[in-house]
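One letter stands for each residue in the lines below.
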Amino acid sequence: MPGIAIVGAQWGDEGKGKVTDLLAEQVEMVVRFQGGNNAGHTIVRDGEVFKFHLVPSGILYPGKTCAIGNGVVVDPRVLTEELDGLRRRGVDTSGLRLSANAHLIMPYHVLLDTAGEAKLGKLEIGTTRRGIGPCYADKAARLGIRVQDMLDEKILRKKIMAAMEPKRPALRDFAKSPELDLHAITEEYLTHGHRLEPHIADTAHLCWDALGAGRTVLFEGAQGTLLDLDHGTYPFVTSSNPVAGAACVGAGVGPRDIGEVWGVAKAYTTRVGAGPFPTELEDGIGRVLRERGSEVGTTTGRDRRCGWLDLVALRYAARLNGMTGLVLTKLDVLSGIETLRVAVGYRHPEGARFDEFPYHQSILHTAEAEYEELPGFEGDIGGVRREQDLPKEAREYIEYIADHLGVPVQLIGVGPGRDQVIWTGEQPSLSLRAA
Ligand code: IMP
């Protein structure tokens, strides 16, 4: 039985964590395949709020195998803190597996991320400043330090030295920082290695075993398609590939191992950080979305930029990911807005119209969205559990989206609680259960 990939279809923060959490119960294993602690999931379970940055949210099921795949970049300080926090709250973390091949975020990566943004000034990307970009850069330059290196003092010291050497000029301002002391870094990372050793594993092998036994593996994406290093709004993107295809590379499986791809999108759009956003709303409705949707970043606490749903961008995401299903989250946030708008095209200031997501950055930066208007709906839909019980206008809104994308809607979110969802088709337990 093949796996299922859950990916972000917009600029991240679509509510993937909740979907993963809902499906995790029924799968053998959950594996993250890219990104790092730039991600943040909030899960509300029995009124308790859990915030995750690195650990897959499936960890809340005792003993469930939750893997951090080779494609993830891991800050071991953050991981050990997250694990300690979960254990203090009585969560069984024994199912966590950490790929020996995953790359480590080092203290100098965090310093370089911050320094790089400062240097860019007004042109900054608005990164999470967690060292993500510099860590992936070192991986590509073959100067990265991997999880397995923490288990061998000699190798670790040598590799840290080699990785720091070419960075000296860029790190000059921090030369005296204790963060950059070779001995201190080595000692600290050896300690992390010692603590994390029981979790370190060949996570690709674990995926093959599960898939080979006919079990379902859930590949949990972080960030979103429009932040993809290759396909997103470059350079205002992250340094990994959040699209479904990256699950193969970042977890170590083949394309045929992924049978279902669910893209997660909000019923509107948000974005954190800088970069083009054709449907952005800077008026009262934007503020309403921010307030009602609690649109503040889990990781950085920054206000999210808010706007109308962008079907041009969403259709692009559907194709890039080979989406087989759409999950539409936060539909409740739109309640009470008299007229809903969805972007169906872009207009360039010089007149050209685009039905498809334009590849050219200057078009995207100056394009204005062209909208279709749909009647809004009213009332509290937080208690609705069947699609037919939604207001007619809400159903029409969902149908319009599914038709435009040519992708069926599988799940609709109507509130922050775990149970505040509507399954539109057959509940996946039937198709996802192990054969
Ligand atoms: P980085 O991933 O920290 O390098 O940041 C690059 C861009 O991706 C910035 O615009 C961030 O705000 C954005 N970003 C990174 N992770 C997330 C996420 O989990 N949700 C939303 N935006 C993100």
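Residues numbered from 1 in each chain as written. Predicted model: local features only at pLDDT ≥ 70, side-chain atom pairs only at ≥ 80, totals over all residues. Heavy atoms only, no water.

A separate point is the pairing of strand β19 (residues 409–413). Counting buried positions along β19 gives five out of five residues, so the element sits mostly inside the fold. As judged from the three bridges shared by strand β15 (residues 325–329) and β19, these two strands associate in the parallel manner. Within the sheet, the bridge partner assigned to leucine 326 lies in β19 and is valine 409. With three bridges connecting them, β19 and strand β20 (residues 421–423) associate as antiparallel partners. (Buried < 20%, exposed > 50% of the residue type's maximum accessible area, 1.4 Å probe, protein only. Helix = DSSP H or I, 4+ residues; strand = E, 2+ residues; numbered from the N terminus. Pairing = 2+ DSSP bridges.)

All right, on to the packing of aromatic side chains then. In total, this model carries five aromatic pairs according to the counting rule given. Ring centres of tryptophan 262 and tryptophan 423 lie 6.5 Å apart, and the angle between their planes is 55 degrees; this geometry places the pair in the tilted category. In this pair, tryptophan 262 sits in strand β11 (residues 258–266) while tryptophan 423 sits in strand β20, placing the two residues 161 residues apart along the sequence. Using a relative accessible area of 4% as the deciding quantity, one classes tryptophan 262 as buried. When the ring centre of tyrosine 61 is taken as reference, the NZ or CZ atom of lysine 64 above it lies at 5.7 Å. (Phe/Tyr/Trp six-rings, centres within 6.5 Å; stacked < 30°, edge-to-face > 60°. Lys NZ or Arg CZ within 6 Å of the ring centre and 35° of its normal.)

Before going further, it helps to spend a moment on the side chain of histidine 192. With respect to the secondary-structure elements, histidine 192 resides in helix α6 (residues 182–196). Setting aside residues no more than four positions away along its own chain, histidine 192 makes contact with Pro76, Arg77, Thr80 and Met150. (Contact = heavy atoms within 4.5 Å.)

Attention shifts here to the environment of glycine 193. Along the chain, the position of glycine 193 falls in helix α6. Measuring from C-alpha to C-alpha, the distance between glycine 193 and glycine 273 comes to 33 Å, with 80 residues separating the pair along the chain. In this view, glycine 193 contacts Met150, Leu151 and Ile200; residues no more than four positions away in its chain are not counted.

Opposite charge on two side chains makes pairing possible when the charged atoms of those side chains draw close. Taken as a whole and assessed by the stated rule, the structure comprises 28 salt bridges. The salt bridge involving arginine 195 is made with aspartate 84; its shortest N-O contact spans 2.8 Å. One end of the pair, arginine 195, is in helix α6; the other, aspartate 84, is in helix α2 (residues 76–88), and 111 residues separate them in sequence. The exposure class of arginine 195 is partly exposed, given its relative accessible area of 42%. A salt bridge links glutamate 153 to arginine 157; the nearest nitrogen and oxygen atoms lie 2.8 Å apart. (Salt bridge = Lys/Arg side-chain N within 4 Å of Asp/Glu carboxyl O.)

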